[in-house]
Amino acid sequence: MQKTFAYISSLILCTLTLTAVAQKNIKTPEKDNTPLFNGLTIQLDVASVASSFLSNGESYSYEAGAQVDLKHKYYPVFELGYAGANKTSNNDINFKTNGLFGRLGVDINLINPKKDQKPTTNLFLAGIRLGMSNFPYNVSNVIITDNYWGGSETFNYPAKISTKVWYEIVAGVRVEVTKNIYMGWTIRSKNMLSQDIAGEVAPWYVPGFGTNTGNNWGFNYTIGYKLQIPMKVKTRTNKEIKKKK
Amino acid sequence: MKKINFIFWSISFLLCTSCMVDEQCRQNRFVAMKIDFFHVVANKTKDTIKTTTLSLDSVSARGLKFDNQSSKFIYIDSVLSYKFPSTNVDLPLNKFSTISKYEVKFNTTIDTLTILHTNSDYYLSLECGCLKVHSIDTVLTTNHFIDSVKITTHTVNNTNAENIRLYK
């Protein structure tokens, strides 16, 4: 019995000593003085404008975005655009659409500033977006011919409406070219979440996503202006406190 | 330097070609009702039935279309012939009528097949357009060569699935 008591008490003593030593070794984390809100960047996509001119009106897209800088690390973003297509296939089927699209997401700056160093304005970003578009479209001049029995009919599918949801994996860079003026590019892997029903007239083009092929690649080249709206915590002076009293 | 140039142009070419939209239709657009031939052998002593695939030396089919002017069924110009030996045939159904009638010649014996069906549109893509798919309601036959028929799949589409079993 005495032996058991000695064993248990020595075990408790040992545990307490180890805990005390471990607590001494724990470093208190340094306080992060980076403000939460560090500005809002309004940006315009130049790549989509350029590609719209190059596609001879077959498809067009214009988009802009607003991105918030949180702690120079997290960049929540909202992108809004207008896109459309007017495409005639090799077999003379015509597809027309136009509509608004929106994307919501967040980027993370992968460059970590060194200790006691001013945060860099050059960013290497990786992020994710969730995109959505509700758009009308029409498909016309669909010809069905019966080669054996004879006969031919032309079908039109006007005023169809679709809602598509997709996600994008984004990576890119952004640099401050002059004070508060930013330029950058992103490359995107777009993946459709909404499924088309087999046999139904599906859209050929989805605004904001591109051709409706399940997955797409996208490229954006943005020019942006950073609005510095610092959020400082107002501290009362002794005079102000006295006045109030 | 030459090596870097080669890699740069190779990657650029791959990126450009991978972004091009393929405007070719690569889907099967042929819709036809598939009929497989079977031979039924009855073993009276064992009281069993054995079904085997029937292979025919010569099979041809010709459509019969109802002519509103003469109020008669008239032959379609084109005759569908099938390779030797034939164990099945593909008969295209009328895309704009709900009755398709065929005169089928099995070796030297002729039977008439009448298929009552509904038609519906099936959109593939902008490149491939639209198909007419069918749903078989009833199959009527004469019984010179054919013993009986069984509808196995009612939907006739571009998947080349068996629709009817024809027993001799």
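Just so you know, the residues in each chain are numbered from 1, in the order the chain's sequence is written. Naming scheme: in the order in which they are written, chains are lettered from A and ligands are numbered from 1. In keeping with the predicted nature of the model, local features appear solely for residues at pLDDT of at least 70, side-chain atom pairs appear and are counted solely at 80 or more, and the whole-chain, interface and lining totals rest on all residues. Each side-chain value is worked out from all heavy atoms of the structure, with water and hydrogens disregarded.

### Thoughts on the state of the cysteines
Residues and elements named next belong to chain B.
Okay, so step 1: Note on disulfides: each one is a pair of cysteine sulfur atoms within 2.5 Å. Tallied over the entire structure, the rule returns 1 disulfide over all chains.
Okay, so step 2: There is a disulfide in this structure between Cys 25 and Cys 128, and the S-S distance comes to 2.1 Å. Handedness of the Cys 25-Cys 128 disulfide follows from its S-S torsion of about 110 degrees: it is right-handed. Of this pair, Cys 25 sits in the loop between helix H1 (2-19) and strand S1 (33-43) while Cys 128 sits in the loop between strand S7 (109-125) and strand S8 (129-141), and the two are 103 residues apart along the sequence. Numbering of helices and strands starts at the N terminus; helices are DSSP runs of H or I of at least 4 residues and strands are runs of E of at least 2.

### Here's the deal with the sheet that holds strand S4 (residues 72-81) of chain B
Whenever strands of a sheet pair, they do so through backbone hydrogen bonds, lying parallel or antiparallel.
All names here are of chain B.
Okay, so step 1: A pair of strands is treated as paired once DSSP finds two or more bridges between them. Strand order across the open sheet formed by 6 strands is S4-S3-S6-S7-S8-S10, with antiparallel pairing between neighbours. Whereas interior strands pair on both sides, the edge strands pair on one side only; in this sheet they are S4 and strand S10 (155-156).
Okay, so step 2: Relative to S8, S7 is paired through 12 bridges, and the arrangement is antiparallel. Looking at the pairing, Tyr 122 lines up with Leu 131 of S8.

### Description of the pattern of salt bridges
Residues and elements named next belong to chain A.
Okay, so step 1: In the sections that follow, a salt bridge refers to a side-chain nitrogen of Lys or Arg positioned within 4 Å of a carboxyl oxygen of Asp or Glu. Applying the stated rule across the entire model yields 12 salt bridges over all chains.
Okay, so step 2: Taking the shortest distance from any N to any O, the salt bridge between Arg 103 and Glu 63 comes out at 2.8 Å. Residue Arg 103 is found in strand S4 (residues 94-109), and its partner Glu 63 is found in strand S2 (residues 59-70); the two are separated by 40 residues along the sequence. There is no split in this pair, since Arg 103 and Glu 63 are both buried.
Okay, so step 3: Residues participating in the shared-partner salt-bridge network are Glu 63, Glu 79, Arg 103, Asp 107, Arg 129, Glu 168 and Arg 188. We call a residue buried when its accessible area falls under 20% of the maximum for its residue type, exposed when it is over 50%, and partly exposed in between, using a 1.4 Å probe and counting protein chains only.

### Observations concerning the confidence of the model for chain B
Okay, so step 1: Along the chain, pLDDT gives the predictor's confidence residue by residue, from 0 to 100. Taken over all residues, the pLDDT of chain B has a mean of 87, while the share at 70 or more is 87%.
Okay, so step 2: Per-element confidence in chain B ranges from a low mean pLDDT of 52 for H1(B) to a high of 97 for S10(B).

### Remarks on the packing of aromatic side chains
Okay, so step 1: Pairing of aromatic rings covers Phe, Tyr and Trp, the last through its six-membered ring, and needs centres within 6.5 Å; plane angles under 30 degrees mean stacked, over 60 mean edge-to-face, and all others mean tilted. Per the counting criterion, the structure on display carries 15 aromatic pairs over all chains.
Okay, so step 2: Measuring from ring centre to ring centre gives 6.0 Å for A:Phe135 and A:Tyr137, while their planes differ by 40 degrees; the resulting arrangement is tilted. Residue A:Phe135 shares its accessibility class with A:Tyr137, and that shared class is buried.
Okay, so step 3: Geometrically, the ring pair formed by A:Tyr148 and B:Tyr102 is stacked, given 6.0 Å between the ring centres and 20 degrees between the ring planes. Of the two residues, A:Tyr148 sits in the loop between strand S5 (123-145) and strand S6 (152-178) while B:Tyr102 sits in strand S6 (residues 99-106), which places them in two different chains.
Okay, so step 4: Feature note: the residues A:Phe95, A:Phe135, A:Tyr137, A:Trp204 and A:Tyr205 constitute an aromatic cluster, connected by ring pairs.
Okay, so step 5: Criterion for a charge above a ring: Lys NZ or Arg CZ within 6 Å of the ring centre, and within 35 degrees of the ring normal. Across from the ring centre of A:Tyr182, 5.1 Å away, lies the NZ or CZ of A:Arg174, which sits over that ring.
Okay, so step 6: The ring of B:Phe73 is capped by B:Lys101, whose NZ or CZ atom sits 4.2 Å from the centre of that ring.

### Here we look at empty space enclosed by the protein
Okay, so step 1: Buriedness of a pocket was judged along seven lines, with at least five required to meet protein on both sides within 12 Å; pockets are open sets of points on a 1 Å grid over the protein atoms alone, cavities are sets where a 1.4 Å probe fits but cannot get out, and lining residues have an atom within 4 Å of a point. Grid points are joined across faces, edges and corners, and a volume is the space filled by probe spheres set on the points. Per the counting criterion, the structure on display carries 1 cavity of 30 Å³ or more.
Okay, so step 2: Taken as a whole, the largest cavity holds about 160 Å³ of empty space.
Okay, so step 3: Tallied by class, residues from the lining of the largest cavity come to 5 nonpolar, 8 polar and 7 charged. When residue character is reported, Ala, Val, Leu, Ile, Met, Phe, Trp, Tyr, Cys and Pro are called nonpolar, Asp, Glu, Lys and Arg charged, and the others, Gly included, polar.

### Quick word on unusual backbone geometry
Okay, so step 1: At the junction of B:Phe84 and B:Pro85, the peptide bond is cis and its omega measures out at -15 degrees in the coordinates.
Okay, so step 2: Tracing the backbone through its elements, the reader meets B:Pro85 in the loop between S4 and strand S5 (88-91).
Okay, so step 3: Of note in this structure, A:Asn141 is not a glycine but carries a positive phi near 65 degrees.
Okay, so step 4: Here A:Asn141 lies in strand S5.
Okay, so step 5: Phi is positive for A:Ala159, which is not a glycine, with a value near 50 degrees.
Okay, so step 6: Note on placement: A:Ala159 falls in strand S6.

### A look at the sheet that holds strand S3 (residues 74-88) of chain A
All names here are of chain A.
Okay, so step 1: In spatial order, the strands read S1-S2-S3-S4-S5-S6-S7-S10; together these 8 strands close into a barrel with antiparallel pairing. Pairs of neighbouring strands in the sheet enclose a mean axial angle of 25 degrees, with direction left out of account.
Okay, so step 2: Where S3 lies against S4, 15 bridges are found, and the strand directions are antiparallel. By the bridge assignment for S4, Tyr 74 is matched with Ile 108.
Okay, so step 3: Along the sheet, helix H2 (residues 46-54) makes contact with strand S1 (37-45), S2 and strand S10 (215-227), crossing S2 at roughly 175 degrees. Simply put, an axis is a line fit to the C-alpha atoms, just over the touching stretch for a helix, and the angle between two N-to-C directions goes from 0 to 180 degrees. Any two residues whose heavy atoms approach within 4.5 Å at even a single point are treated as in contact.

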